[in-house]
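# Structure assessment
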Amino acid sequence: TPKIEFRHVGLHYFGPQGETEALRDIGFAVEEGEFVSIVGQSGCGKSTLLSLLCGLIRPTSGEVLIDGEPVTAPSPSVGFMLQQDSLFEWRTILENAVLGPEIRGGDMRAARARAETLLRRYGLEEFKHHRPDQLSGGMRQRAALARTMCLEPDILLLDEPFSALDFQTRLSIADEIGNIIRREGKTAILVTHDIPEAIAMADRVIVLSRRPGRVKAVHSISFPSAGG
Ligand code: ADP
Ligand code: ADP
C-alpha cells in the first residue's frame with residue numbers, strides 16, 4: 001500500500017461567486033519514505049491538495065488515501081511546515097520545540113527529551129536556550145522542523161516553507177532541510193512554485209497545470225549517491 005494515494009480526485013469549491021473547479025482527476029501515489037515536490041503556478045491547486053491531505057476538506061469526487069484509508073478528518077500523523085517558520089519570539093528554541101505536545105496535552109517529560117534529541121541532531125544544541133531572533137534563517141528553519149518532528153508525524157507537509165527567506169540563502173537552506181528530512185526517513189510532500197527548490201529537495205517532482213489543476217507531468221530525479 002502506498003503511504004499516500006490520490007485516486008481520480010476532483011475538487012470543486014462552492015461559494016457566493018459560484019463554483020470553482022480547483023482540481024480535476026488528480027492521481028498519484030507516494031511510497032513510504034519518499035519525498036515528492038508538487039510544483040505549479042499560483043492558482044493551480046497546490047494549497048487545495050494539501051488541505052485534502054490534512055483532512056480539512058473532502059474531495060468532490062475520487063479518494064484521498066493515507067495508508068490505504070480515506071482521509072476523513074485531520075490526523076495527528078500529519079505534520080506541517082508553513083510559509084513562515086512562525087516561531088514564537090518570546091519563547092526559547094527548546095520551548096518552541098515542545099509547543100505541539102504542550103498544546104495537545106502530551107507527556108511533557110517525554111516531549112522535552114525528544115526535543116533535546118532533535119535539537120542536538122539538527123546542530124542547535126548550544127542554541128536551545130536562545131530566542132529565535134538570535135538565530136540565522138537556516139537555524140530558524142531547523143528549529144521549526146524540530147518543533148514539527150517533536151509531534152512524531154509519519155507524513156510531513158511543507159507549504160512553501162522558504163518563501164519568506166531571501167533568494168541567496170533559500171536554496172542552500174532547502175538543500176539542508178531536504179537532507180535532514182530524507183535522513184529522518186519521513187514521507188514528505190513539498191508544494192512550491194520554486195522549481196530549483198523542488199528539485200533540490202525531492203526524489204520526484206509532480207507538475208500541476210493551471211485551471212483546473214491536473215497532473216501535467218511527473219519527473220523522477222536521480223541523485224549521484226545517497227547523502228552525497
Ligand atoms: P497561494 O497561491 O499562496 O496558495 P492564494 O492567493 O491562492 O494563495 O490563496 C490564499 C487563500 O485564499 C487560500 O487559503 C485559499 O484557499 C483562499 N482562496 C483563494 N482563492 C479563493 C477564492 N476564489 N475564494 C475564496 N477563497 C480563496
Ligand atoms: P495554489 O495553492 O496553487 O495557489 P489554490 O489551491 O489556492 O491554488 O487554488 C486553486 C483554485 O481554487 C484557484 O482558482 C482558487 O482561486 C480556487 N480556490 C481556492 N480556495 C478557494 C475557496 N475557499 N473558495 C473558492 N475558490 C477557491
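Heads up: these notes are all about the structure in this document. (Residues numbered from 1 in each chain as written. Chains lettered and ligands numbered in written order. Predicted model: local features only at pLDDT ≥ 70, side-chain atom pairs only at ≥ 80, totals over all residues. Heavy atoms only, no water.)

On to the sheet that holds strand β5 (residues 69–70). What the four strands build is an open sheet, ordered β2-β1-β4-β5; its pairing is antiparallel. Pairing within the sheet leaves two strands with one partner each, and these edge strands are β2 (18–30) and β5. Bridge count between strand β4 (residues 61–66) and β5: two bridges; the pairing is antiparallel. Counterpart to Leu 65 in the pairing with β5 is Pro 70. (Pairing = 2+ DSSP bridges. Helix = DSSP H or I, 4+ residues; strand = E, 2+ residues; numbered from the N terminus.)

So, about helix α1 (residues 46–53). Counting buried positions along α1 yields seven of eight residues, so the element is predominantly enclosed. Along α1, the residues that are buried comprise Lys 46, Thr 48, Leu 49, Leu 50, Ser 51, Leu 52 and Leu 53. Immediately downstream of α1, the backbone of Gly 55 shows phi near 75°, a positive value. (Buried < 20%, exposed > 50% of the residue type's maximum accessible area, 1.4 Å probe, protein only.)

In this structure, the largest pocket spans a volume of roughly 450 Å³. In this structure, the largest pocket is lined by 21 residues; those nearest its centre are Phe 80, Gly 100, Arg 147, Thr 148 and Leu 151. Contributing elements (two or more residues each) for the lining of the largest pocket: β6 (78–81), α3 (99–104) and α5 (137–149). Each residue belonging to the lining of the largest pocket can be placed in one class, and the counts come to 12 nonpolar, six polar and three charged. (1 Å grid on protein atoms, 1.4 Å probe; cavity = no way out; pocket = protein on both sides within 12 Å on 5 of 7 lines; lining within 4 Å. Points joined across faces, edges and corners; volume = space filled by probe spheres on them. Nonpolar A, V, L, I, M, F, W, Y, C, P; charged D, E, K, R; others polar.)

Disulfide: a covalent bond connecting the sulfur atoms of a pair of cysteines. Within the structure shown, the criterion is met by zero disulfides. With no disulfide of its own, Cys 44 lies 16 Å from the sulfur of Cys 54, the closest cysteine sulfur. Relative accessible area serves as the criterion here: at 1%, Cys 44 is assigned to the buried category. Overall, Cys 54 belongs to the buried group, its relative accessible area being 7%. (Disulfide = S-S within 2.5 Å.)

This part covers the nonpolar core. Among the nonpolar cores identified, the biggest contains 34 residues, and Phe 35, Tyr 122, Leu 145 and Ile 181 are the most heavily contacted of them. Secondary-structure elements contributing two or more residues to this core are α2 (93–97), α4 (108–121), α5, β7 (155–159), α6 (167–184) and β8 (187–192). A total of six residues in this core trace back to one element, the largest contributor, which is α5. Discounting residues that sit within four places of it in the chain, Phe 35 has contacts with Leu 158, Gly 178, Ile 181, Arg 182, Ala 188, Leu 190, Met 201, Ala 202, Asp 203 and Arg 204. Membership of the second largest hydrophobic core comes to 27 residues, among which are Ile 4, Leu 23, Val 30 and Leu 53. (Core = buried A, V, L, I, M, F, W, Y, C linked by side-chain atoms within 4.5 Å. Contact = heavy atoms within 4.5 Å.)

Moving on, we come to α5. Between the first and last C-alpha of α5 there are 18 Å, a value that for 13 residues agrees with the 18 Å anticipated at 1.5 Å per step. Most of α5 is tucked away: 12 of the 13 residues are buried. Every buried residue of α5 is listed here: Gly 138, Met 139, Arg 140, Gln 141, Arg 142, Ala 143, Ala 144, Leu 145, Ala 146, Arg 147, Thr 148 and Met 149. Elements that come into contact with the buried residues of α5 comprise β6, α2, α3, α4, β7 and α6. (Expected span 1.5 Å × (residues − 1).)

Let's shift gears to the site of ligand 2. Around ligand 2, a shell composed of 12 residues is seen, among which Gly 43, Gly 45, Lys 46, Ser 47 and Thr 48 lie nearest. Here an oxygen atom of ligand 2 sits 2.9 Å away from a polar atom, N or O, in the main chain of Lys 46. One of the side-chain nitrogen or oxygen atoms of Ser 47 is found 2.6 Å away from an oxygen atom of ligand 2. Coverage of ligand 2 by the protein chains reaches 63% of its 560 Å² of free accessible surface. Those elements that provide at least two residues to the shell around ligand 2 are β2 and α1. No other element matches the three residues that α1 contributes to the shell around ligand 2. For the shell around ligand 2, the class distribution of residues is three nonpolar, seven polar and two charged. (Near = heavy atom within 4 Å. Polar contact = N/O pair within 3.5 Å; in protein donor to acceptor, adjacent residues only side chain to side chain. Areas by Shrake-Rupley, 256 points an atom, 1.4 Å probe, with all protein chains shown as cover.)

By themselves, these observations are geometric and do not establish any function.
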